[in-house]
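# Working through the structure, step by step
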Amino acid sequence: MNYSDIITMYANGTGSSQRGYLCSGEDAFIASCILNDIVHLATGSIVVIDDSGVMREQVIKNLYHCGYTTINGLEQKLCYQDILDITNISGISRIRTLLSITGFDEMQIQKIIAYLSFIKHVEMLAGNEGKVSLEVLTKYSTNIEVKKYLDNLTISGQISNMEQLYLLSKYSEIASAVADFENILIIMGQFITGNITVKKVLQNAKQALYIPLYMLGRDICMKKLLMEMITLVISDKGTMCKDIIVLDNGREQSNYLSEFLQGIQYSNKKIHVISQDIFLADERFRQIIMCSTDIRVYSRHSNMDSCEEIEKLLGSMDIVKQTYSVDYSRQWKTNSAWDMLLGNNKVEHYNWNAPVREPKYRKEDIHTFSQYVGIIEVNGNSSIFNCAN
């Protein structure tokens, strides 16, 4: 039976488009079929987080055939967040979170917030809008630059001599964190200087944001930073993003994907995960996936421990086994040719043993699945399917 028929049979009238998919296993054909279904059923913009790199061409091809324009989130210059905007509590919370990811302690974070507030205040005294940008920050990078800028404001009469002395003393209190902040802005710069915002990209229902996370290699800090920025964008109700696709490499994860999925778990988005082996990921990541998906597909797994986990997840059932035995009579009078022909020389016994709990699907079978064959679980019901049908 084809997996689409099984989904329809077990869906209970809710429709398969209302649930997230989990596909775990090494069968590339099954993973490709599931990916195609996810894209085909999508009703808005899509975000693809690719931490494997194995299915890149397949993803772009499927998106193209379904009418999506793919925007590469790393190769194209995009603005993920205006992290320098501290005009409200959400902006302050946003930059605090991002700075903590990059290793700043609480004292340093407070000084950086005070530094940005200082710049905003001086810019408003200078008759500007008070908006903080990378260009504006260049005027406050050193003590010499700040003093020169304040001298010009004093000469032009925009501030008094007393105000200049007060501002210089305030700057000296927070200057120790400025250099470290400017260094981290070099890393953040490529995510905040683009002309097109990610939010605008996701406002188009036929656009897909593709994030090749695997290109960052083992730079966990950069991955966490990028995931946090994407989380903030996706959580915004102004976007048309309805589906999040995570392509996992099937290796033990750090917590950057776990934190990302936890941040969007209750944001009314459909989460789909395609992994080479979801059971090798950390426990937290796995629990979030299991809580966020109702349609789970398992193809062949080469790791026997993963096969055992699938065996346990899919449960067991009562098996009643029948036994058969025969008693032959050795008496001479019952072993005539006529008795042997009619079967009078033997007594047959048929017994039904007590029910015994056994796995629905044995780990040895999962380990040796052929191509196109897998197990699908929908709403607690499971069945073996053949994707080639």
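As a starting point, this report considers the structure included with it.

### What about the environment of Leu125?
Checked against the element boundaries, Leu125 lands in helix H5 (residues 106–125). Since its relative accessible area comes to 28%, Leu125 is described here as partly exposed. Leu125 sits 191 residues away from Ser316 along the chain, and the two C-alpha atoms are 73 Å apart. Among all residues touching Leu125, those that are not within four sequence positions of it are Gln158, Ile159 and Leu167.

### Observations concerning unusual backbone geometry
Notably, Tyr372 is not glycine yet its phi reads approximately 80°, a positive angle. Mapped onto the fold, Tyr372 is located in the loop between helix H16 (363–367) and strand S14 (373–378). Residue class for Tyr372 comes out partly exposed when judged on its relative accessible area of 28%.

### A short note on the sheet that holds strand S7 (residues 241–248)
With respect to topology, nine strands assemble into an open sheet ordered S3-S6-S2-S7-S8-S1-S9-S14-S15, the strand pairing being mixed. In this open sheet, the two edge strands, each paired with only one partner strand, are strand S3 (69–72) and strand S15 (381–386). For this sheet the average axis-to-axis angle between neighbouring strands, irrespective of direction, equals 15°. Pairing geometry for S14 and S15, over six bridges, is antiparallel. Residue pairing in the sheet places Glu377 in a bridge with Ser382 of S15.

### Side note on the nonpolar core
Grouped together as the largest cluster of nonpolar side chains are 82 residues, with contacts concentrated most on Ile49, Tyr115, Leu116, Phe181, Ile230 and Phe260. Discounting chain neighbours no more than four positions away, the residues touching Tyr115 are Leu137, Tyr140, Tyr171, Ile174, Val178, Phe181 and Glu182. Judged by nonpolar contacts, the second largest core, of 28 residues, contains Ile30, Ile274, Ile376 and Cys387.

Cut-offs used in this document
- Residues numbered from 1 in each chain as written.
- Predicted model: local features only at pLDDT ≥ 70, side-chain atom pairs only at ≥ 80, totals over all residues.
- Heavy atoms only, no water.
- Helix = DSSP H or I, 4+ residues; strand = E, 2+ residues; numbered from the N terminus.
- Buried < 20%, exposed > 50% of the residue type's maximum accessible area, 1.4 Å probe, protein only.
- Contact = heavy atoms within 4.5 Å.
- Pairing = 2+ DSSP bridges.
- Axes fitted to C-alpha atoms, helices over the stretch in contact; angles between N-to-C directions.
- Core = buried A, V, L, I, M, F, W, Y, C linked by side-chain atoms within 4.5 Å.

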